[in-house]
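Secondary and tertiary structure notes
One-letter residues, chain by chain:
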Amino acid sequence: MLEFLKESTFKANDVIVRGLHILKRHYISIAGLCFLLFMTNNLSTFLAGYFDAPALGFVKYPLFILFVTLFFGLQLVLIKRAVLLAKGIERTELKNYIPTLKQFVNFLLGLVIYSFLSGVVYLLCSVLAWPLLYIGVNMETISYEINPLLTGFVMMLILIRISFFPFFILVNNFNIFRAGRLSVAFTKGNVIDLLVLMFSLASTYILQLTFEYLGYSLLATLSSVLNTFIVIPLVSLVLAIAYTDMIQEYKGSDNPELFKNII
């Protein structure tokens, strides 16, 4: 097990180093897209409060649709850019970066399904935690600590298994259900590798939260800067590199069954 963890750590380090190398050469385009996502999110929040009056509802809803389209559309453009860079394609036509309507709708449907799964998992974890009341565990402890922690752990595992569905939607133009099944089959046997990779990427954010909790404001600020300008732009590249590496090793069906690949 220790040797397997060492190998997983080595793979994660290799992917991150390759991602940093690509990010160094294409920082403006990757970080620029991340900046546009940040600005779109904050501008939509500001305008939502500004147009909160009922009389302005006719303006608010079209703006909501516009910002949803822009925000998620930019995310898909970022993923497409990252995949092309991971494949060594540095320049291509603009149309190759813009998702089609089918791809956009399937991506949104995937987010809706994930949100629905979150609710189902929360309810199931509530049922599983309910017997703790009979052994003296406080209801508030179950509701605000145990259940959220259990739900978060399960959803993290689910997220790892389905994390590549946007890539199958964008690269192969598959619908969400086929893309989801492929992501589950694709990640079978690679959960530890992906868990180590995601933990490595999240380590600076964990450090930031730790420094904020301990009151080390300078170190927290430095960690925040590192997250904003390096880690966040790096994430899409790292996932794209992991996708291109794993797709070369994948020997399964291009239309796999879901339940045969869950475990």
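Within any chain, residue numbers begin from 1 and follow the written order of that chain's sequence. Per-residue local features are limited, in this predicted model, to residues with pLDDT of at least 70; the limit for side-chain atom pairs, both in listing and counting, is 80 or more; totals at the level of whole chains, interfaces and linings are taken over all residues. Values shown for side chains rest on all heavy atoms present in the structure; no hydrogens or waters enter the calculation.

A word on the pattern of salt bridges. Salt bridge, as applied in this entry: a Lys or Arg side-chain nitrogen positioned within 4 Å of an Asp or Glu carboxyl oxygen. Tallied over the entire structure, the rule returns five salt bridges. Residue arginine 18 pairs with aspartate 245 through a salt bridge whose shortest N-O separation is 2.7 Å. Residue arginine 18 is located in helix H1 (residues 2-25), and its partner aspartate 245 is located in helix H9 (residues 217-249); the two are separated by 227 residues in the primary sequence. Using a 1.4 Å probe on the protein chains alone, a residue whose accessible area is under 20% of its type maximum counts as buried, one over 50% counts as exposed, and one in between counts as partly exposed. Its relative accessible area of 31% is what places arginine 18 among the partly exposed residues. Three or more residues are tied together by salt bridges with common partners; here these are Asp14, Arg18 and Asp245. Secondary structure follows DSSP: runs of H or I at least 4 residues long count as helices, runs of E at least 2 residues long count as strands, and numbering of each begins at the N terminus.

A word on the nonpolar core. One finds Phe164, Phe165, Phe167, Phe168, Leu197, Leu237 and Val238 to be the most contacted residues of the largest nonpolar core, which totals 46 residues. By residue number, the principal contributor to this core is H9, which donates nine residues. Leucine 237 has contacts with Gly19, Ile22, Leu23, Ile30, Ala82 and Leu85, leaving out every residue within four places of it along the chain. We define the nonpolar core as a collection of buried residues of types Ala, Val, Leu, Ile, Met, Phe, Trp, Tyr and Cys that are connected through side-chain atoms lying within 4.5 Å of one another. Residue contacts follow a heavy-atom distance rule, with two residues in contact if any of their heavy atoms lie within 4.5 Å.

With that out of the way, let us pick up the packing of aromatic side chains. The rule is short: rings of Phe, Tyr and Trp, with Trp giving its six-membered ring, pair when the centres are within 6.5 Å, and they are stacked under 30 degrees, edge-to-face over 60, tilted in between. Enumeration according to the criterion identifies 12 aromatic pairs in this entry. For the ring pair phenylalanine 71 and phenylalanine 72, a centre distance of 5.3 Å and an interplane angle of 80 degrees mean the geometry is edge-to-face. By relative accessible area, which is 19% here, phenylalanine 72 ends up buried. Definition used: whenever NZ (Lys) or CZ (Arg) falls within 6 Å of the ring centre and also within 35 degrees of the ring normal, the charge is taken to sit over that ring. The ring of phenylalanine 174 carries arginine 178 above its face, with NZ or CZ at 3.9 Å from the centroid.

Structurally, the position occupied by tyrosine 243 is in helix H9. When its relative accessible area of 3% is taken as the criterion, tyrosine 243 is described as buried. When neighbours within four sequence positions are excluded, tyrosine 243 is seen to be in contact with Phe164, Phe167, Phe168, Val171, Asn172 and Phe186.

Remember that the coordinates give geometry; whether it matters functionally is a separate question.
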